[in-house]
Number of protein chains: 2
Amino acid sequence: MTLSRLYFIISFILFAASISGHKLYTPTLSLQRKNFLQDPERAVSASVSNDFETFFFNQTLDHFNYRPESYTTFRQRYLINSKYWGSANSSAPIFVYLGAEAPIDGDLIGIGFLTDNAAQFEALLVYIEHRYYGESIPLGMSFEEALKDANVRGYFSSAQTLADYAAIILHVKQNLKARDSPVIVVGGSYGGMLASWFRLKYPHVTLGALASSAPILYFDDITPQDAYYWVVTKDFKEASETCYQAIVDSWSEIDRVAQEPKGTANLSKMFKTCKPLKSGDELKDYLMSLYAGAAQYDDPARNPVTVICNGIDGANATENGVLGKIFAGVVAYHVNSPCYVNPPTNVSETDLGWGWQSCSEMVMPIGITNNSMFPSYPFVLSSFIDECNSSYGVVPRPHWVTTYYGGHDIELILLRFGSNIIFSNGLRDPYSSGGVLKNISDSIIAVYTEKGSHCLDIHAQKQTDPDWLVMQRKTEIEIIKGWLTTYYADLLAFKQ
Amino acid sequence: MTLSRLYFIISFILFAASISGHKLYTPTLSLQRKNFLQDPERAVSASVSNDFETFFFNQTLDHFNYRPESYTTFRQRYLINSKYWGSANSSAPIFVYLGAEAPIDGDLIGIGFLTDNAAQFEALLVYIEHRYYGESIPLGMSFEEALKDANVRGYFSSAQTLADYAAIILHVKQNLKARDSPVIVVGGSYGGMLASWFRLKYPHVTLGALASSAPILYFDDITPQDAYYWVVTKDFKEASETCYQAIVDSWSEIDRVAQEPKGTANLSKMFKTCKPLKSGDELKDYLMSLYAGAAQYDDPARNPVTVICNGIDGANATENGVLGKIFAGVVAYHVNSPCYVNPPTNVSETDLGWGWQSCSEMVMPIGITNNSMFPSYPFVLSSFIDECNSSYGVVPRPHWVTTYYGGHDIELILLRFGSNIIFSNGLRDPYSSGGVLKNISDSIIAVYTEKGSHCLDIHAQKQTDPDWLVMQRKTEIEIIKGWLTTYYADLLAFKQ
């Protein structure tokens, strides 16, 4: 497996819009989608989307320059649910979900945190789609056309996106004459990073941010590159020591079989692949994404890590050796699948979009060195840059995120600067290793759960949610209530 | 006088690089330059510039996009004085002067605040030139060429400029291995706005900002448009009620004479103009800029407002009526001038550059409605936009500054967000009307003087400085010392 393959597996598959669990790339996430659709509670909540009205904002293509082309505008989609809103007169709050690397549609239901809490806050809900995704693509182009054009995709950046959000939020507030209504932004994963950065860059537009599973410290040299896979390994080891050991042993066994005459064909047969494997690496890629995805989305309702390990541990080892065990893990995860490993898939907007974003500015140096159950694949920046350059004709800017948003010495920097950010995490999520896990100040707070995974807290609540998840959300709500109470007191004092 | 003429008079002449007093547009500022050069104390301090070493940084043209053209780089000039620096080992501080709308050269001596205080802080001094000025012009072009090309001048924006500063400061710190050295940024006027915005946008790059005479609230609808000229009027009225009244009476008299046969020629003769006047408006333009400039730069060593009023009040009114008085004010100001009103001048980089900046994003709605000694010239946004559009082919973005940097409800917003900004002002400076004049929090502080004018505090200290100016600087130094003390204590705690 080449470096970039490892990187893109992680970037595309794991980081991708897992949040709402519906725009997915690999079997890992497809399973989530299946579960998602079959979930009767979710099916009921689908009616929620009827409460949203769709709008389009005439957005500036390029906020930061004044070239003639900068003034081009495009239609950016946002949706409003005013069912629960108090009113502008009472300065009732506005909850804004900041769209991430996918069309916004699925998030209306998937990101239930806002809707679940709208009534008690009398909050207006606004969901804004990220530029270049869904129906928010510049220049009347299709997503593919926009991504193919080097000039057009060049405006697809996080700073432009935050400025989009500021413009739309100010527009909505002006339209509603809701100048004093406080805004709380919510985002998850990449969107969580955007939420925390938005509070830091636009404090005059938002009072506070809930940044769920936002690995804002997984840039530059802040977090060790192997932290992500170290957490995946820990999750599996905690689930089962023998499962972990089988996975450790499997990689060299795949290599060994692949090198035999007809080895790749034998592996294809052994894993009942949907198409013949091209190499042993293809199988290894798949398995790495399976394990990483299971760890990242280790939802307490399904516990995919445990499911896989139960499969592995329950297999009859004498029959097919360690690969038989591994295959049993695959089957346990993909119940009732007609074939495995490489089913037909479509390349999603998230795949393509995040591919570009990670090759331009979102350079997260995730690699595997040691301390893991995986083969070694160090992240080598120079190789990464070369590959991005050959794909896109431009080189990534690996230091831009830390230059523009910061990250180094964050505790020292934000101890006496900024306020009102919740960094929420679940420690089973490998991305939590790049998250903020310590309180930085009185109001820049880390709220994490030992058993949680990626972005659980901002998903819609369910009857079956474990107590620790219920408690995490409750803590977040109490913190936000505190921000609002303080704000209204300040507002009153200023109006007098 | 058209709207734009009023606007540009203010923008170019007054806002312009008054700070270092050497790149000037009108007689008002030429006089300052003359005084500047003749000042023996300043002449001595000219040796200061020998302590600076010049560097060029390979700067990114477009930080916010990833178009192929965005990756173009240009040489940006900065200068370092390390004579006083403690060392990286002792985490000695770094004072950075953020260049504004002029070449940086004159600021090395002119902005003496940094050099004057370097020894006691053991500070490294860095002066960075603003993109598109001086020797920091993209694409190997001359200033005029860059400003003429709609694509090239399109990258001439404040957000790009702040990102330039971040990149250079991080580069300097890395080179010196001075990661823990705290950075204090200093700027005046437009540069003061940049300094305060830089602390708000890049808290991870600078610990604090001294923003001298920064009218960050003179945007959008925050400050009444006639605030600037109201202060000019107040300054003159305080100096002399009869002087004020003569100025009030003069405008209609100029109009009356101009409408007579040979009226313009008579005005030219009466005011000993260097070239024949084209109209009465030309004279009015000049006088408005004279009075506004005198108020803005009402330096206690020269007191130009008093000088002019003494001229006006001392004239023999019976001889030439009110215009004779006005001319006596002009002569009192421009001692020993062979002619007046319209001497030959060169259009400076500041004139051209600020012309573009104010027509793209720095839209400061300064007008004259009432409450002033001037004729009425309301600022009409739609006319302003039309004029900019016809000059540059693009329309200004009058709401961008408040969208990106904020400004509305600043006391409410920054009460619990951000820290370590000094907003210094002198209340005789008409731009103080758009400045921050109240403490916002424990560490976002307003330090102003009743008698001060534009950017006095960051000029080099002089033996003749009045006590209130000495005290203002001392207060600023004490505040900065407080930031540093807190920072070093925090740093120690984090390193343990």
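Residues numbered from 1 in each chain as written. Chains lettered and ligands numbered in written order. Predicted model: local features only at pLDDT ≥ 70, side-chain atom pairs only at ≥ 80, totals over all residues. Heavy atoms only, no water.

For chain A, an unreviewed UniProt entry supplies the name Lysosomal Pro-X carboxypeptidase-like and the organism Rhodamnia argentea.

Engineer: What am I meant to see in helix α11 (residues 241-259) of chain B here?
Structural biologist: Every α-helix winds through 3.6 residues per turn, so residues three or four apart in the chain are directed the same way. All names here are of chain B. Compared with an ideal rise of 1.5 Å per residue, which puts 19 residues at 27 Å, α11 spans 29 Å between its outermost C-alpha atoms and is within 8% of the ideal. Of all the bends in α11, the largest measures some 30° and sits at Ser-250. Along α11, the residues classified as buried are Cys-243, Tyr-244, Ala-246, Ile-247, Ser-250, Trp-251, Ile-254 and Val-257. (Helix = DSSP H or I, 4+ residues; strand = E, 2+ residues; numbered from the N terminus. Expected span 1.5 Å × (residues − 1). Bend = angle between axes of the 7 residues up to and from the residue. Buried < 20%, exposed > 50% of the residue type's maximum accessible area, 1.4 Å probe, protein only.)

Engineer: Whenever I open this one, the state of the cysteines confuses me. Can you help?
Structural biologist: Linking two cysteines covalently through their sulfur atoms gives a disulfide. Residue and element names in this part refer to chain A. Within the structure shown, the criterion is met by six disulfides over all chains. Paired by a disulfide, Cys-359 and Cys-388 hold their sulfur atoms 1.9 Å apart. Across the S-S bond linking Cys-359 and Cys-388, the dihedral sits near -80°, which makes this disulfide left-handed. With a gap of 29 residues between them, Cys-359 in helix α16 (residues 349-360) and Cys-388 in helix α17 (residues 381-392) connect regions that are remote in the sequence. Here the two residues Cys-359 and Cys-388 agree in accessibility, since each one is buried. Indicated for chain A is the disulfide connectivity 1-3, 2-4, 5-6, based on numbering the bonded cysteines in sequence order. (Disulfide = S-S within 2.5 Å.)

Engineer: So what exactly am I meant to see when it comes to the sheet that holds strand β2 (residues 73-81) of chain A here?
Structural biologist: Two modes of strand pairing occur in sheets, parallel and antiparallel, and in both the strands are linked by backbone hydrogen bonds. All names here are of chain A. Reading across from one edge, β1-β2-β4-β3-β5-β6-β7-β8 is the order of the eight strands in this open sheet, with mixed pairing throughout. The two strands at the open ends of the sheet, each matched to only one other strand, are β1 (53-60) and β8 (444-449). Mean inter-strand twist for the sheet, computed between neighbouring axes without regard to direction, equals 20°. (Pairing = 2+ DSSP bridges. Axes fitted to C-alpha atoms, helices over the stretch in contact; angles between N-to-C directions.)

Engineer: Explain the relation of the copies chain A and chain B to me, please; I cannot follow it from the model alone.
Structural biologist: In this arrangement, two copies of a chain are superimposed by a rotation about an axis accompanied by a shift along the axis. Of the transformation superimposing chain A on chain B, the axial component is 0.0 Å and the angular component is 180°, with the fit at an RMSD of 0.1 Å. On the angle and the small slide along the axis, the relation comes out as a two-fold axis. Every residue of chain A has its C-alpha some distance from the rotation axis, and the shortest such distance is that of Gly-418 of chain A, at 2.5 Å. Both copies present the same face, since 100% of the interface residues in chain A are matched by interface residues at the equivalent positions in chain B. (Least-squares fit on C-alpha atoms with pLDDT ≥ 70 in both. Contact = heavy atoms within 4.5 Å.)

Engineer: Even after reading the chapter, I still don't get the environment of Met-193 of chain A, so can you show me in this structure?
Structural biologist: Residue and element names in this part refer to chain A. In this structure, Met-193 sits in helix α9 (residues 190-201). For Met-193, a relative accessible area of 0% puts it in the buried group. C-alpha of Met-193 to C-alpha of Leu-210: the two residues are 17 residues apart in sequence and 9.6 Å apart in space.

Engineer: What's the story with the environment of Gln-259 of chain A in this structure? I'm lost.
Structural biologist: Residues and elements named next belong to chain A. The topology assignment puts Gln-259 in helix α11 (residues 241-259). Using a relative accessible area of 69% as the deciding quantity, one classes Gln-259 as exposed. For Gln-259 and Ser-279, which are 20 residues apart along the polypeptide, the C-alpha to C-alpha distance reads 9.4 Å.

Engineer: Help me out: how do you make sense of the packing of helix α13 (residues 280-296) of chain B against helix α14 (residues 304-314) of chain B in this one?
Structural biologist: Each packed pair of helices is defined by two parameters, the angle between the axes and the distance between the axes. Residue and element names in this part refer to chain B. Axis separation between α13 and α14 bottoms out at 7 Å; the angle between their running directions is 135°. Classified by the angle between their axes, α13 and α14 sit oblique to one another. Taken together, the residues of α14 that come into contact with α13 (itself represented by Leu-290, Tyr-291, Ala-294 and Ala-295) are Pro-304, Val-305 and Ile-308. Residues belonging to the contact of α13 with α14 are distributed by class as follows: seven nonpolar, no polar and no charged. (Parallel < 35°, antiparallel > 145°, perpendicular 65-115°, else oblique. Nonpolar A, V, L, I, M, F, W, Y, C, P; charged D, E, K, R; others polar.)

Engineer: Would you mind showing me how to read the confidence of the model for chain A here?
Structural biologist: Atom-level detail of predicted coordinates should not be read off regions where pLDDT is low. All names here are of chain A. With 90% of its residues at a pLDDT of 70 or more, chain A has an overall mean of 91. Counted against residues more than four places away or in other chains, residues 1-44, with its pLDDT under 50, gives 138 contacts. Confidence estimates for the predicted assembly give a pTM of 0.93 and an ipTM of 0.92. (pLDDT = per-residue confidence, 0-100.)

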